[in-house]
Each structure stands twice: as C-alpha cells, then as structure tokens.
Amino acid sequence: MAEKLAPEKRHDFIHNGQKVFEWDQTLEEVNMYITLPPNVPPKAFHCKIQSKHIEVGIKGNPPYLNHDLSAPVKTDCSFWTLEDDIMHITLQKREKGQTWASPILGQGQLDPYATDLEQKRLMLQRFQEENPGFDFSQAQFTGNCPDPRSFMGGIRSD
C-alpha cells in the first residue's frame, strides 16, 4: 500500500530552457536524477554531497551543479549511483517529513499549489507508515494540510 503513496511523477528543474535534472521526494529522501552526457566514461563523473551543499560534474571540468541545498541532509546516509545513463542522487533528509520545494536553495521552486500537493502526499505517507494496516491511497485533505513533521506530536522515530 505504501507504494501507492510514492511520488507519482518527477519534477523538472529547467534553467534557460534546458532540463538540468528531475527530482522527487519521500518522507525521508530527496532523489535527483541527472541525464549523463554521452561518450563520457562513468569513472569521470563525481558527486560530492555535504550537509548543506552539493557538487556534481565531470572530473577536471567546472562543476555542472555547485549549489547549496534547500535543507540539511544526513551525509552518512546520502549517496549517488550511475545507472542507465542517469546519475541518481539520494539525499537523506536530516528532518524527516520536511517538504522541500526544490533540492537547490532558491532555484526551481515548486509553485505554492504543487508544494501543497507534495505536503499532502507526504502527510498521507506518514499516516501509512504509522498505520500499516490501513490504505490511505484514496484519502484526501480539504483546506490546508498540516505539516507532517509536527502534526499530532510529530513523526515517531521508532
């Protein structure tokens, strides 16, 4: 049932008319997907994930991305992989349940409506996680959705 509340689609980060990366999020992670340029050996790519900063590029060249993150991440649980010409970066949120409007601070922000939809989906994910015998995939919120981090005492860590 939890997979029914997984992100339905990825968000595009577009800059100067070009897609820089796609991304989605869950209660615990933000995932970034970067299409790799052709004819570059996999060992040439690098990704440096810091608590509040990310750098991605090809070794020996200026970075493709060199930006502060929207919120801090757990560096010991964050990682990146190369698969099928895609760099997949998994950023473990330091604050579980926090709704990110974009992985990159101040750039490519979701509009308020899309941010609200993400927050509602994350809240339902939280309900599903805390009540595994119930199916929340068809549940809906009317009005403002509470913050998944703090609603009814906050997220349990057990």
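For the structure itself, look to the data block above.
What counts, and at which threshold
- Residues numbered from 1 in each chain as written.
- Predicted model: local features only at pLDDT ≥ 70, side-chain atom pairs only at ≥ 80, totals over all residues.
- Heavy atoms only, no water.
- Helix = DSSP H or I, 4+ residues; strand = E, 2+ residues; numbered from the N terminus.
- Pairing = 2+ DSSP bridges.
- Phe/Tyr/Trp six-rings, centres within 6.5 Å; stacked < 30°, edge-to-face > 60°.
- Lys NZ or Arg CZ within 6 Å of the ring centre and 35° of its normal.
- Axes fitted to C-alpha atoms, helices over the stretch in contact; angles between N-to-C directions.
- Buried < 20%, exposed > 50% of the residue type's maximum accessible area, 1.4 Å probe, protein only.
- Expected span 1.5 Å × (residues − 1).
- Polar contact = N/O pair within 3.5 Å; in protein donor to acceptor, adjacent residues only side chain to side chain.

Draft legend 1. Looking closely at the environment of Gly 143. Within the secondary structure, Gly 143 is located in the segment after helix H1 (112-130). Spatially, the C-alpha atoms of Gly 143 and Glu 22 are 28 Å apart, while their sequence positions differ by 121 residues.

Draft legend 2. How the structure looks around the pairing of strand E7 (residues 73-83). Looking at chain direction, E7 and strand E8 (residues 86-93) are connected through 7 bridges and run antiparallel. The partner of Glu 83 across the bridge, within E8, is Ile 86. Between E7 and E8, which pair antiparallel in sequence order, lie 2 residues; one of them, Asp 84, sits at a positive phi of approximately 50°.

Draft legend 3. Inspection of the packing of aromatic side chains at higher detail. Applying the stated criterion to the full structure yields 3 aromatic pairs. Ring geometry for Phe 127 and Phe 136: centres 5.7 Å apart, planes at 45°, overall tilted. Measuring from centroid to centroid gives 6.4 Å for Phe 134 and Phe 136, while their planes differ by 50°, and the two rings are tilted. Members of the aromatic cluster, joined through ring pairs, are Phe 127, Phe 134 and Phe 136. A cation sits over an aromatic face here: Arg 10 above Tyr 33, 3.4 Å from the ring centre.

Draft legend 4. Inspection of the sheet that holds strand E4 (residues 45-49) at higher detail. Read from one edge to the other, the open sheet built from 3 strands follows the order E4-E5-E6, with strand pairing classed as antiparallel. A strand with exactly one partner marks an edge of an open sheet, and here the two such strands are E4 and strand E6 (65-68). The mean inter-strand angle of the sheet, taken between neighbouring strand axes irrespective of direction, is 5°. Relative to E6, strand E5 (residues 53-58) is paired through 4 bridges, and the arrangement is antiparallel. Bridging from a neighbouring strand, His 53 pairs with Asp 68 of E6.

Draft legend 5. View of unusual backbone geometry. The backbone of Asp 84 sits at a positive phi, close to 50°, despite the residue not being glycine. Its place among the elements puts Asp 84 in the loop between E7 and E8. Among the residues examined, Asp 84 registers a relative accessible area of 69% and is labelled exposed. At Asp 85, a residue that is not glycine, the phi angle is positive and equals roughly 60°. Looking at the element boundaries, Asp 85 is found in the loop between E7 and E8.

Draft legend 6. A look at H1. The end-to-end C-alpha distance of H1, which contains 19 residues, comes to 27 Å, matching closely the 27 Å that a straight helix rising 1.5 Å per residue would cover. Between a side-chain oxygen at the N-terminus of H1 and the backbone nitrogen of Tyr 113 the separation is 3.0 Å; the capping residue is Asp 111.

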